[in-house]
Amino acid sequence: MLKDITLGQFFPGDSIIHRLDPRTKLIFLVIYIVALFTASNWISYGLVLAFLIFVICVSKIPLKSIVRGMKPLVFILIFTGILNIFFTAGETVLVSFWIITITLEGVIRAVFMMARILMLITGTFLLTYTTSPIALTDGLESLLGPLKKLHLPVHELSMMMCIALRFIPTLIEETDKIMCAQKARGADFENGSLIQRVKALVPILVPLFISAFRRADELATAMECRCYQGGEGRTKMKLLRYHRWDLYAFLSGALLLGAVITLHIFGL
Amino acid sequence: MAPILEVRGLTHIYSVGTPFEHTALKDISFSVEPGEFVGVIGHTGSGKSTLMQHMNGLLKPTEGTILLGGKDIWSDKALTRQSRFRVGLVFQYPEYQLFEETVYKDIAFGPKNMGLKPEEIDRRVREAAGFVGLSDAQLQASPFDLSGGQKRRAAIAGVIAMEPEVLILDEPTAGLDPEGRAEILENIESYRKAKNATIMMVSHSMNDVARLADRLLVLCDSRLVMEGTPKEVFSHAQELLDMGLDIPDVTRVFLRLRQLGLPVAPVYTLDQAVEALLALKGGDHRA
Amino acid sequence: MSTAISVEHLSYSYPGVDDTPGTVVFEDMNLTVESGSFVAVLGGNGCGKSTLAKHFNAILLPCGGKVYVCGLDTSVEDKLMQVRRCVGMVFQNPDNQIVANVVEEDVAFGPENLGIASPAIRQRVDQALKQVGMYEYREHAPHLLSGGQKQRIAIAGVIAMEPKCIVLDEPTAMLDPKGRREVLETVTRLNREKGITVVLITHHMDEAAKAERVVVLHGGKAVLDGTPKEVFSQVETLHSIGLCAPDTTELCFMLNQQGYSLELTCLTDEECAQTLMKAFKV
């Protein structure tokens, strides 16, 4: 049931994309998003799409997994599409019915917007699919490192993120279990008015919170036992190092962004 | 007597149509007589917990039917809901599901969901508390102030208060010390005797199921591979060991005694072992 | 032999809420654990086993008396890290002590905290994972492993810090028989091959029977202390404090109540069978 959620899951692998430094991938994602939002016509969209397809191929992530991850987002996608189709003013009217007018511009805009969201999400998925959450937090911590000088708790934040990621599956499983147990005592989560349904959540939320606090407490003790004292004096098993492929990745990212900006300026 | 529970050709597949598709139960059929104590054994991941969740309609079979008192529990909606109350299910570590301010209110949760009258709820709560040995003072306490063993018993009382005809327990003694284990098992027996209830208990403790159960179901890799009285099941000692399961300690000792040439019948509880050995001497006790 | 852990006149009580008096756990507890030994601490729920364990690496500090670990006084704040490097802890719930979501990253957590250079951490992590037989799983996500495997990861995480002593607080309480066997075998091997001192807290009699020495706690005191054979032959004392002996010993005890006088020192099936053969051979 709840266990099937794949959002933000990591698929271990050995592709070039997997082996890139997480910092490279993070920076690259930023470049990619900027390029995506700069793109303003068929050619630049096509360019970004071609690039995305290329990365997917290289990463060897099965297309099926990416499509499956999209499922929870179908609603947002359709909503965006409808909004754009119906509420974009334009000159070439395709259909006019009652107060609804659909224009060619609206349809084009809807397609663009949906493509943009799809590509944005796919790109982000690729990052989380090919980067272990730990590498990701390490990368973030390293990139945000300079902020430590401003007394921002960068290490603590990344540690928190790491632990949150670690406990999400555990807590999902636990929620599942508690729901089943309360259902076995006749709790009803599906029927009744909104207020009744909100009330029905109490028997789930109370045990879930209590258990989360208990876990947090035990984890804190266990971490202390393993000599955790915060970020100071801590070393890392895996040091982040840029390699040849990272350079290629930066270069191709720069090329992509350059091309899209050029296309935008010349309005092609 | 007509069986109270009957499982016919039950198959359950999780996440059908996804890459996570996984068969948890394969073509399982058995029936349970009223008043019987059935032990369910099998290694972790053999499908025991999935099977238990089918008995009260928490999970819907991918194939096959579950008959409660002769009627398919999925044949109409009211019957499915009723099966939740007629078949009480106690999950593993049930104390983690306590949520009310007082033990009393927590035990009353099930009966309240059944839509019973306040007097009837009160009677059931007090009776259930009696079965598990919780005092009136403890009923008014917060469940989170109880000791580990008491919490477990309060949670079991929450299911017993629904007065189910069939009480199913998934490893009710896990993580408790010997005294706590003995208490819980006694509570279950006393409920069974008082209400002539049917019990199904999942357990890893061969010593416990050998002593308590009338009949055993053995699950292995999603299939029901053996079914019979403890005597019948434990006579297949080697097969059980091959499945990664244990056999009771005394059974192992007696197997060895037979190898050493002592003419003893196989046994599976301590009492039987003592009896068998004493019989050997024909009541001639050495001082 | 030198002493790994020594508890001298320990007294401890949990502080009470508001003005209520606290709960007294220990009044005058004494215990010494020799280096390299394998000691099982047995006792019912609420006998103070876990409280005692938490004194071994300064999660709790004595209210009175002293606890020495590898010669270090646990109540001296400066020595805290040294104490914790010396004594590793493994807890009951494997889910609540694994920090990272990749096995090897979790094992690396301890050594990283010690500030060791990365190549050395890599080496320790690989070695620790091999010692618990989980090297092939180094890139797996812990939440997909079995309970026994998770607990072995937790043990690897502790031995990667190269402690002299491991304290395990009911590590098998949440595991199935297979998981329990895995954990127990791992711990026994570490004790025998690496000479690591092991303190195993449990309420499973059959596990305690595998230790070199068994200490039975009740009411904040060590009521029995000796080899498994010495301790488990005191069946009546064990019953009186809500514990029991392994079924093999219980069987002999029950026969003795029927007028036999069998020795109560059989812990394995074979020993029991031999004892019974002697008494019942026709």
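Residues numbered from 1 in each chain as written. Chains lettered and ligands numbered in written order. Predicted model: local features only at pLDDT ≥ 70, side-chain atom pairs only at ≥ 80, totals over all residues. Heavy atoms only, no water.

Novice: I'm lost on the overall build of chain A in this one. Help?
Specialist: Scanning chain A for helices and strands turns up eleven helices and two strands. The C-alpha radius of gyration computed for chain A amounts to 23 Å, which surpasses the reference 18 Å derived for 268 residues by more than 25%, pointing to a less compact arrangement than a globule. If one aligns the C-alpha atoms of chain A with their principal axes, the spans along those axes are about 65 × 60 × 40 Å. Counting across all 268 residues of chain A, residues that qualify as buried make up 43%. Across chain A, contacts joining residues at least 24 apart in sequence account for 73% of those joining residues at least 6 apart. As presented, chain A carries roughly 15,200 Å² of accessible surface, and 73% of it is formed by carbon and sulfur atoms. When the 26 basic and 18 acidic side-chain charges of chain A are each reduced to a single mean position, those positions are 4 Å apart. (Helix = DSSP H or I, 4+ residues; strand = E, 2+ residues; numbered from the N terminus. Rg over C-alpha atoms; globule rule 2.2 N^0.38 Å. Buried < 20%, exposed > 50% of the residue type's maximum accessible area, 1.4 Å probe, protein only. Contact = heavy atoms within 4.5 Å. Areas by Shrake-Rupley, 256 points an atom, 1.4 Å probe, with all protein chains shown as cover. Lys, Arg positive; Asp, Glu negative; His and termini not counted. Charge placed at Lys NZ, Arg CZ, Asp CG, Glu CD.)

Novice: Is there a simple way to explain the overall build of chain B in this structure?
Specialist: Helix and strand content of chain B: twelve helices and ten strands. Taking 2.2 N^0.38 as the reference for a compact globule, 287 residues should give roughly 19 Å; the C-alpha atoms of chain B span a radius of gyration of 21 Å, in line with that estimate. Principal-axis analysis of the C-alpha atoms places the extent of chain B at approximately 65 × 55 × 40 Å. Of all 287 residues assigned to chain B, the portion counted as buried reaches 55%. Here chain B has roughly 11,700 Å² of accessible surface; of this, 49% comes from carbon and sulfur atoms. Placing the 31 positive and 39 negative side-chain charges of chain B at their respective mean positions leaves the two points 1 Å apart.

Novice: I keep staring at the sheet that holds strand E7 (residues 166-170) of chain B and nothing clicks. Help me out?
Specialist: Consider a sheet: its strands pair through backbone hydrogen bonds, and that pairing is either parallel or antiparallel. Residue and element names in this part refer to chain B. Ordered in space as E6-E7-E8-E3-E9-E10, the six strands form an open sheet in which the pairing is mixed. A strand with exactly one partner marks an edge of an open sheet, and here the two such strands are strand E6 (87-90) and strand E10 (223-228). Along the sheet, successive strands turn relative to each other by an average axial angle of 15 degrees, direction set aside. Sheet topology places strand E9 (residues 215-220) next to E10; five bridges connect them, and they run antiparallel. What sits directly across from Cys220, in E10, is Arg223. Sheet contacts for helix H1 (residues 48-55): strand E3 (37-42), E6, E7, strand E8 (198-202) and E9; angle to E3, the most-contacted strand, approximately 145 degrees. Those strands touched by helix H6 (residues 148-160) are E6 and E7, and its axis lies near 165 degrees from that of E6. (Pairing = 2+ DSSP bridges. Axes fitted to C-alpha atoms, helices over the stretch in contact; angles between N-to-C directions.)

Novice: Looking at this model, I keep getting lost on unusual backbone geometry. Mind explaining?
Specialist: Working note: non-glycine residues mostly have negative phi, and peptide bonds are mostly trans. All names here are of chain B. In the Ramachandran plot, Glu163 falls in the positive-phi region, its phi being about 45 degrees despite a non-glycine side chain. Within the element layout of this structure, Glu163 appears in the loop between H6 and E7. Relative accessible area serves as the criterion here: at 23%, Glu163 is assigned to the partly exposed category. Even without a glycine there, the phi angle at Asp221 is positive, about 45 degrees.

Novice: I'm lost on the domain arrangement of chain A in this one. Help?
Specialist: Where interface size is quoted, it is often the accessible area lost as the parts come together. We note that the domain assignment places domain 1 (2-131 + 240-265) and domain 2 (147-225) within chain A. Measuring from the centre of the C-alpha atoms in domain 1 of chain A to the corresponding centre in domain 2 of chain A gives 32 Å. (Domains from an automatic or database assignment.)

Novice: How should I be thinking about the sheet that holds strand E1 (residues 3-14) of chain C in this particular structure?
Specialist: In spatial order, the strands read E2-E1-E4-E5 (chain C); together these four strands make up an open sheet with antiparallel pairing. Strands with a single pairing partner mark the edges of an open sheet, and in this sheet they are strand E2 (23-34) and strand E5 (72-73) of chain C.

Novice: I'm lost on the packing of aromatic side chains in this one. Help?
Specialist: In the structure shown here, the tally under the stated rule is 14 aromatic pairs over all chains. On the numbers, 4.9 Å between centres and 85 degrees between planes, the contact of B:Phe99 with B:Phe109 is edge-to-face. Placement of B:Phe99 in the loop between E6 and helix H3 (103-113) and of B:Phe109 in helix H3 is noted, with a sequence separation of ten residues between them. Across the pair, B:Phe109 and B:Phe99 agree in class, each one buried. Ring centres of C:Tyr12 and C:Tyr14 lie 5.2 Å apart, and the angle between their planes is 90 degrees; this geometry places the pair in the edge-to-face category. Here C:Tyr12 falls in the buried class, since its relative accessible area comes to 8%. By relative accessible area, C:Tyr14 is classed as partly exposed at 31%. Cluster of aromatic residues (ring-pair linked, three or more members): A:Trp42, A:Tyr45 and A:Phe112. The cationic tip of A:Arg214 hangs over the ring face of B:Tyr96; the distance from NZ or CZ to the ring centre is 4.1 Å. (Phe/Tyr/Trp six-rings, centres within 6.5 Å; stacked < 30°, edge-to-face > 60°. Lys NZ or Arg CZ within 6 Å of the ring centre and 35° of its normal.)

Novice: Can you help me understand the interface of chain A and chain C in this one?
Specialist: Contacts between the two partners involve 31 residues from chain A, matched on the other side by 36 residues from chain C. Contact between chain A and chain C buries roughly 3,100 Å² in total, counting both sides, with carbon and sulfur atoms accounting for 55%. It is A:Arg166, A:Arg226 and A:Met237 that lose the most area in chain A upon contact with chain C, and together they represent 29% of the buried surface on that side. For the pair chain A and chain C, the number of links is six salt bridges. (Buried area = accessible area lost by both parts, 1.4 Å probe. Salt bridge = Lys/Arg side-chain N within 4 Å of Asp/Glu carboxyl O.)

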